[in-house]
Amino acid sequence: MTARLLRSGTLFWTVLFAVTWVLSSYSFQLYKAFDARWIVRFPKKWQLPLEDRISDFLDWLVEDASFHFFSFRDLTRAIAALIEAPYQVLRNVLIEGFSSGYGDTAVQIAPSLSWLAVIVTIMAVGHYARDWFLSVLVGVCFLYLAVFGQWESAMITLASVLIAVPIGVIGGLLLGIFAYRARWFERLIQPVLDLMQTVPVFAYLVPILILFGFGPVAALVATVIYAMPPMVRITIVALKTVPKEIVEAGMMAGCRKRQMMWKVLVPSAIPTLMVGVNQVIMLTLNMVIIASMIGAGGLGFDVLASLRRLDIGGGIEAGLGIVVMAIALDRASQAFADRSARHPLDGNLLQRHPWSGTVVLVIGATLILGQFVPAVQTYPDALTITTGPFWSDAMKWINVNFFDTFEAIKTVILQWLLLPVKKFFTGIPWAWGIIATGLMAWRVGGWKIGLLAALLMTFIATSGLWPKAMVTIYLCGVSVLIATLIGIPLGIWAAESPRAGRVILGLMDTLQTLPSFVYLIPVVMLFRVGDFSAMIAVILYALAPAVRYAAHGLKEVPPALIEAGLMSGCTRRQLLMRIKLPLATPQLYLGLNQTIMLALSMLVITALVGTRDLGQEVYIALTKANAGQGIVAGLSVAFIAIITDRIINALAAGQRDRLGI
Amino acid sequence: MKRVSLALTAMLAVAPALAAESSDPIKLTLHDWSGQLITTTLMGEVLKKAGYNVEYVQADYIAQFAGLKTGDLHVAMEIWETTGREAMDAAFETGDVVNLGETGLQAIEEWWYPAYMKERCPGLPNWEALKECAGEFSTPETAPFGRYLGGPVTWGGFDDERVEALGLDFEVVHAGTDAALFAELEAAYQRQDPIVLWVYAPHWAPAKYDGEFVEFPPFSPECYSDPSVGVNPDAAYDCGKPRGPIWKVSWAGLAEKWPGAAKAIENFNLSNADYGAMVTEVDLNGKSIDDTVAAWMEGNKDTWTGWIAK
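**Q** What am I meant to see in the overall build of chain B here?
**A** A tally of helices and strands in chain B yields 15 helices and 10 strands. By residue count, 49% of the 310 residues in chain B fall in the buried class.

**Q** What's the story with the overall build of chain A in this structure? I'm lost.
**A** Helix and strand counts for chain A come out as 30 helices and two strands. Relative to its length of 661 residues, chain A is compact, with a C-alpha radius of gyration of 27 Å against a globular reference of 26 Å. Projected onto the principal axes, the alpha-carbon positions of chain A cover approximately 85 × 70 × 65 Å. By the burial criterion, 45% of the 661 residues in chain A qualify as buried. A fraction of 77% describes how many contacts in chain A between residues 6 or more apart in sequence connect residues 24 or more apart.

**Q** Could you clarify how one ought to interpret the interface of chain A and chain B in this entry?
**A** It is common to give the size of an interface as the accessible area that goes away when the parts come together. In this complex, chain A contributes 43 residues to the contact, which on the side of chain B involves 43 residues. Those elements that provide at least two residues to the side of chain A that touches chain B are α8 (201–212), α13 (288–293), α14 (299–308), α19 (388–427), α24 (516–527) and α29 (614–623) of chain A. When residues of the side of chain A that touches chain B are assigned to their parent elements, the largest contribution, six residues, is made by α19 of chain A.

**Q** What exactly am I supposed to notice about helix α5 (residues 132–147) of chain A here?
**A** Two residues of an α-helix separated by three or four positions point the same way, owing to the 3.6 residues in each turn. Residue and element names in this part refer to chain A. With 16 residues, α5 extends 22 Å between its outermost C-alpha atoms, agreeing within 8% with the 22 Å of an ideal straight helix rising 1.5 Å per residue. Leu-134, Ser-135, Val-138, Cys-141, Phe-142 and Leu-145 are the residues of α5 that are buried. The buried residues of α5 occupy an angular sector of 130° when the element is viewed end-on, so they sit on one face. Among the exposed residues of α5, those oriented more than 90 degrees off its buried face are Trp-132 and Phe-133. Tucked into the core, α5 has its buried residues touching α4 (115–129), α6 (151–181) and α15 (312–338).

**Q** Please explain helix α8 (residues 178–191) of chain B as it appears in this structure.
**A** All names here are of chain B. If you check α8, its first and last C-alpha atoms are 20 Å apart, about what 14 residues at 1.5 Å a residue would give, namely 20 Å. Where burial is concerned, most of α8 is hidden: 12 out of the 14 residues are buried. Those residues of α8 that sit buried are Asp-178, Ala-179, Ala-180, Leu-181, Phe-182, Ala-183, Glu-184, Leu-185, Glu-186, Ala-187, Ala-188 and Tyr-189. Gln-192 sits one or two positions beyond α8 and adopts a positive phi of about 55°.

**Q** What should I look at first to understand the confidence of the model for chain B in this one?
**A** In low-pLDDT segments, the atomic positions of the prediction should not be examined closely. Residue and element names in this part refer to chain B. Overall, the prediction assigns chain B a mean pLDDT of 84, with 93% of residues at 70 or greater. Across residues 1–19 the pLDDT falls below 50, and counting only partners more than four positions away or on other chains, this stretch makes 17 contacts in the model. This prediction of the complex comes with two scores: 0.84 for pTM and 0.78 for ipTM.

**Q** Can you walk me through the environment of Ala-394 of chain A in this structure?
**A** One can find Ala-394 of chain A in helix α19. In this structure the C-alpha to C-alpha distance between Ala-394 of chain A and Gly-313 of chain A, which are 81 residues apart in sequence, comes to 9.8 Å.

**Q** What's the story with the domain arrangement of chain B in this structure? I'm lost.
**A** Residue and element names in this part refer to chain B. One can read the domain layout of chain B as domain 1 (2–106 + 245–308) and domain 2 (107–225). Here domain 1 and domain 2 have C-alpha centroids that lie 33 Å from each other. If you look at the interface, domain 1 gives 15 residues, while domain 2 gives nine residues. At six residues, helix α13 (residues 272–283) tops the list of elements feeding residues into the side of domain 1 that touches domain 2. Its residues assigned to classes, the side of domain 1 that touches domain 2 comprises six nonpolar, seven polar and two charged.

**Q** Hey, could you run me through the environment of Ala-441 of chain A in this one?
**A** Residue and element names in this part refer to chain A. Mapping Ala-441 onto the fold places it in helix α20 (residues 430–445). Considered as a pair, Ala-441 and Ala-408 are 33 residues apart in the sequence and their alpha carbons are 39 Å apart. With sequence-adjacent residues up to four places away left out, Ala-441 is seen in contact with Ile-449, Gly-450, Ala-453, Ile-643, Arg-646 and Ile-647.

**Q** When you look at unusual backbone geometry in this model, what are you seeing that I'm missing?
**A** One can expect most non-glycine residues to show negative phi and most peptide bonds to be in trans. All names here are of chain B. Put simply, Leu-124 and Pro-125 share a cis peptide bond, and its omega is 10°. By the secondary structure assignment, Pro-125 is in strand β5 (residues 122–125). Of note, the amide linkage connecting Ala-201 to Pro-202 takes the cis form, showing an omega dihedral of 0°. Take Pro-202: it is sitting in the loop between β8 (196–201) and α9 (204–208). One non-glycine residue, Gln-192, lies in positive phi territory at about 55°. For Gln-192, the position within the fold is in the loop between α8 and β8. If you check the backbone angles, Tyr-237 has positive phi at about 65° while not being a glycine. Along the chain, the position of Tyr-237 falls in the loop between α10 (221–225) and β10 (244–251). Judged by local crowding, Tyr-237 falls into the buried class, with 23 C-beta atoms found within 10 Å.

**Q** Looking at this model, I keep getting lost on the confidence of the model for chain A. Mind explaining?
**A** In the predicted model, chain A carries a mean pLDDT of 85, and 95% of its residues have values of at least 70. Here helix α16 (residues 349–352) of chain A is the element of chain A with the lowest mean pLDDT, 68, and helix α21 (residues 447–462) of chain A is the one with the highest, 93.

**Q** In this structure, what is going on with the packing of α21 of chain A against helix α30 (residues 627–659) of chain A? I would like to understand it.
**A** In a packed pair of helices, the relevant descriptors are the angle between the two axes and the axis-to-axis distance. All names here are of chain A. The interhelical angle for the contact between α21 and α30, taken along N-to-C directions, is 160°, at an axis separation of 9 Å. When the interaxial angle is binned, α21 and α30 end up roughly antiparallel. Relative to α30, the crossing made by α21 is left-handed. Contact residues: α21 offers Ile-449, Leu-452, Ala-453, Leu-456, Phe-459 and Ile-460, while α30 offers Ser-636, Phe-639, Ile-642, Ile-643, Arg-646 and Ala-650. Looking at the contact of α21 with α30 residue by residue, the classes come out as 10 nonpolar, one polar and one charged.

**Q** Help me understand the environment of Pro-125 of chain B, please; the structure alone is not making it clear to me.
**A** Residue and element names in this part refer to chain B. Looking at Pro-125, the number of C-beta atoms within 10 Å reads 19, which means it is partly exposed. Distance in space between the C-alpha atoms of Pro-125 and Tyr-113 is 8.7 Å, their sequence separation being 12 residues. Once residues within four sequence positions are removed from consideration, Pro-125 is found in contact with Glu-212, Phe-213, Val-214 and Glu-215.

**Q** Any chance you could explain the pairing of strand β6 (residues 146–150) of chain B here in plain terms?
**A** Side chains on a regular strand alternate between the two faces of the sheet. All names here are of chain B. Among the five residues that make up β6, five are buried, leaving the element largely enclosed by the rest of the structure. Neither face of β6 is exposed, since Gly-146, Tyr-148 and Gly-150 on one face and Arg-147 and Leu-149 on the opposite face are all buried. Sheet analysis places β6 next to strand β7 (residues 170–174), joined by five bridges and oriented parallel. Residue Arg-147 lies in a different strand from β7, and its bridge partner there is Glu-171.

**Q** Before we go on, may I ask you to explain the pairing of strand β2 (residues 54–58) of chain B in this structure?
**A** All names here are of chain B. Note that strand β1 (residues 26–30) and β2 share five bridges and pair parallel. In the sheet register, Leu-28 faces β2, and the bridge partner there is Tyr-56. With helix α2 (residues 34–49) bridging β1 and the parallel β2, this β-α-β connection has right-handed handedness.

**Q** I keep staring at the packing of helix α11 (residues 244–252) of chain A against helix α12 (residues 257–286) of chain A and nothing clicks. Help me out?
**A** Residue and element names in this part refer to chain A. In contact at an axis separation of 10 Å, α11 and α12 are set at 160° when each is read in the N-to-C sense. The angle between α11 and α12 places the two elements in the roughly antiparallel class. For the pair α11 and α12, the sense of crossing is right-handed. The residues of α12 that touch α11, namely those facing Ile-246, Val-247 and Gly-250, are Met-260, Val-264 and Ser-268. For the contact of α11 with α12, a count of residues per class yields four nonpolar, two polar and no charged.

Conventions we followed
Residues numbered from 1 in each chain as written. Chains lettered and ligands numbered in written order. Predicted model: local features only at pLDDT ≥ 70, side-chain atom pairs only at ≥ 80, totals over all residues. Helix = DSSP H or I, 4+ residues; strand = E, 2+ residues; numbered from the N terminus. Buried ≥ 20, exposed ≤ 12 C-beta atoms within 10 Å, placed from the backbone. Rg over C-alpha atoms; globule rule 2.2 N^0.38 Å. Contact = placed C-beta atoms within 7 Å. Expected span 1.5 Å × (residues − 1). Arc of directions from axis to C-beta. pLDDT = per-residue confidence, 0-100. Domains from an automatic or database assignment. Nonpolar A, V, L, I, M, F, W, Y, C, P; charged D, E, K, R; others polar. Axes fitted to C-alpha atoms, helices over the stretch in contact; angles between N-to-C directions. Parallel < 35°, antiparallel > 145°, perpendicular 65-115°, else oblique. Left-handed = near helix turned anticlockwise from the far one by under 90°. Pairing = 2+ DSSP bridges. Right-handed = clockwise from strand over helix to strand, strands pointing away.

The following block contains the structure:
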């Protein structure tokens, strides 16, 4: 029975691939033979005028839409003012100081917190959250920012993170709770979340700028849109997985609906919820570069400006500044998640609150001392160090000595992998592409998913973006393939040897938070502008989830099954290949899914090295401030992501059924 | 009546700004290249000397027009004829953004090669030399054609058409951003490898690297629009690229809210040489933008006081 099913399955895929391959190779001949140009090019007159419609709609929204008493833009501007107020206060506290008046007439009322005070505060938070080790770690991270002369930019970035993260977390939590309570809302919000995560930020940047005004607030809004979805999803999952016993205990105690939520469900879900908080922090820091393009300033702006003048060292230092900030915030937030309640201390006020006391004392002392000794207030410029020349020289050395080797490798990969795959995908006639995607999705996940996939692909074709979508699929496909080939073995290694695991996972954290722009420029120097450079950038960025999920999946394999394997005399290799890996397949699929999502989200960045895909379309739309074009291209990217997501989830579900997990 | 206006003029001459003008800060936009930071800081400092309050806002080059239209932003000091025309025209059409005239800077953009290529391709900078030695510029991906690295597609420039019209055996490869463009130049220059690419001035690159622009047949509007004009009678674009000014633009309400400031910005004028020298100071000698601008203001007091005087 199984054998027959398998055979027919193999048959299905072989036939589908063969037909696609033949059509792709001979599409041009077909067009000539039947004199039917529609085979290779989607006819212009069938294209839907979506771009213009969306642009018109946005114009209307921005210029004319009103709710009787106030216009839509008044509303968004009011929201902007609401966000701006606390943000400005934070900026004043952290970097600018408080003053009244402008320019020459400005009078300083109070200085900002000194660098010493900020470091002591963050160390206190670290110690409070866990222990001295964490305290020192976050202290060193922030000291890095001071020593490498990035204090000012880092504080601006910190201010926006401290605003964006609470909004993202609280907003996500509330939406998640609502979705948990109302089934219809959960159904409604799922596709919206998909879109928020997969439509490239560049696509909706222009409307946001118009609605929320130019400057840091628009950047904050864009950041929140991008960083909130994981919080919503995790909240829903966390609330659903609260053990029944706890819920029942709550009911027995006579909790009302509101008490049930806030006193029972949310507190018991906190460990899982903290994973969401952590994700929001990471995604917020991912957005630092893009946010700086529309006026957030800070470290992201330093990265961009350094690379504009090819100061690679400066770019790396500022980029690492973002990484250390991410590490500090991430470790601290995780520590809060694990933190267990402690006994209150005895003694007087200072003895009971040793850390708060120290912080207040240090802030007070530096405030006064800073008036007389400037070094206490601002880290002295003379003591900053820079590694800039080292990086530039290293880059030059690699470039001069190894370029020929790289060039040879590149030529081989281009000729034997990239170009054939590109030809295959770009050759597929659009009509068959829609049908084939539908068939694939149907076969894996049933007719609903099949229909959805076909419809979404039809949208892409009717927007006239078919060729660019195919280039996108080819570039992401090849990159994901290579990222998986590198990532899964690394993940296995990380799971098998804890020591290697720490190094590898740390490296993955760095790769994910280091702004891709930092390594994009060296990659271009070594591999020139083109698809190959884009591919390397995508691989570097999308590697992390492949590694992480593989490691996680292997660690999650029930120990009983491993015991059983050992008892029956498996070698280490057999244990891995026969027991651990098959059981970890659902996790591997999840990793693959995330790899694809990240690869797609890198698309816009690859446009910066000159690819001709949907990312470029989004980027062109941005530079021309064409909101409609950007959104249509952004939706196309999102639809590709959604189709692959549904297909892979169906695969993973099938695998889980087979394994009986 | 005449006496009143005379008196007013005299008063304004003494305190040019403070008369009836708003004390709200004038928001100038900053982008991510040093030249623009210099012109903007220079303008901002001069306005401060005239008694205005000034605020610098970081903004994307094209996306800033959204802010200029609504009055969230007020002044953009560098809109290049060559790269910003389309966005600028779209903004002018709405009537919410106005042109404050030229900065005095002239943008040049053209094919450019490092000096060491002259040995391998004698006959440069004349464009006809490129016909003979396209092979010198080829790479594995483009062989047997030469490889020309063009600007981002959004810059336009008609290089694909130019290559066709002039019968050059080159393939045009588009960089995605100018950071990528100059990264390739830096790398090729370090290895002394062949390269010909789109370079524009004023910029730090022509100052840092030794090299020249290719000399194409000079540009004329007819050459772009009329195939029969130029060396190839059957094709348009058979000439070099146009050179154009760099413009200053502002929110339309500027002249009403700060009339004196609007005048001062209109008067702003800087030469390519002064600008190039300042960019070199910042990008190649590592000086800070504030110091460089302060030094220029020290040395050219007459020039900038002329901008704010009535």
